[in-house]
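# Report on the structure
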Amino acid sequence: MRDSTRRALERAAELTRNNRLVDAMATAEPVILAADEYEAAEIRRWLVEHVDDFTREI
């Protein structure tokens, strides 16, 4: 996965934890939509492995 994609997902997780879901989606959606099939698979794995990043308390 590209570093820029990973950073966008990490930022989206941070925004989600701060109750800024709309901003999180605006950050993550473009990189998810731009991903090819290989990167999309990596994104799915990353999301599964980092679900707590989106849901844990700050």
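Residues numbered from 1 in each chain as written. Predicted model: local features only at pLDDT ≥ 70, side-chain atom pairs only at ≥ 80, totals over all residues. Heavy atoms only, no water.

## Some details on the overall build of the chain
Rule in force here: Strands are runs of DSSP state E lasting at least two residues, helices are runs of H or I lasting at least four, and both sets are numbered from the N terminus onward. What the globule rule says is 2.2 Å times the number of residues to the power 0.38, and the radius of gyration is computed from C-alpha atoms. Throughout this description, buried means an accessible area under 20% of the type-specific maximum (1.4 Å probe, protein chains only), exposed means over 50%, and partly exposed covers the range between. Should any heavy atoms of two residues lie within 4.5 Å, those residues are counted as being in contact. To measure how exposed things are, a 1.4 Å probe is used in the Shrake-Rupley method; for residues, cover is taken only from the protein chains shown.
When its secondary structure is counted, the chain shows four helices and zero strands. In sequence order, the chain lays out its α and β elements as α-α-α-α. In terms of overall dimensions, the chain is globule-like: its C-alpha atoms have a radius of gyration of 11 Å, near the 10 Å expected for 58 residues. Buried positions account for 28% of the 58 residues belonging to the chain. The contacts in the chain between residues at least 6 apart in sequence include a share of 53% that link residues at least 24 apart. Total accessible area on the chain stands at roughly 4200 Å², and carbon and sulfur atoms take up 52% of it.

## Some words on the side chain of aspartate 53
Structurally, aspartate 53 is set in helix H4 (residues 51–55). With relative accessibility at 18%, the residue aspartate 53 sits in the buried group. Among all residues touching aspartate 53, those that are not within four sequence positions of it are Ala13, Arg17 and Trp46.

## Some points on the packing of helix H1 (residues 3–17) against helix H2 (residues 21–34)
This is how the line gets drawn: Here, axes are lines fitted to C-alpha atoms. For helices the fit covers the stretch in contact, and angles between N-to-C directions go from 0 to 180 degrees. We call two directions roughly parallel when the angle between them is under 35 degrees, roughly antiparallel when it is over 145, roughly perpendicular when it lies between 65 and 115, and oblique otherwise. A crossing counts as left-handed when the near helix is turned anticlockwise from the far one by less than a right angle, and as right-handed when that turn is clockwise. All residues other than Ala, Val, Leu, Ile, Met, Phe, Trp, Tyr, Cys, Pro, Asp, Glu, Lys and Arg, Gly among them, are scored as polar; the first ten of these are nonpolar and the last four charged.
Running from N to C, H1 and H2 point in directions that differ by 165 degrees, and their axes come no closer than 8 Å. Comparing their axes, H2 and H1 come out roughly antiparallel. Remark: the crossing between H1 and H2 carries left-handed chirality. Of the residues in H2, those in contact with Thr5, Ala8, Leu9, Arg11, Ala12, Leu15 and Thr16 of H1 are Leu21, Asp23, Ala24, Thr27, Ala28, Val31 and Ile32. For the contact of H1 with H2, a count of residues per class yields nine nonpolar, three polar and two charged.

## Here we look at the pattern of salt bridges
Using the following cut-off: Take a side-chain nitrogen of Lys or Arg and a carboxyl oxygen of Asp or Glu: if they are within 4 Å of each other, that pair is a salt bridge.
According to the stated counting rule, one finds six salt bridges in the structure shown. Within this structure, Asp3, Arg6 and Glu10 form a network of salt bridges that share partners.

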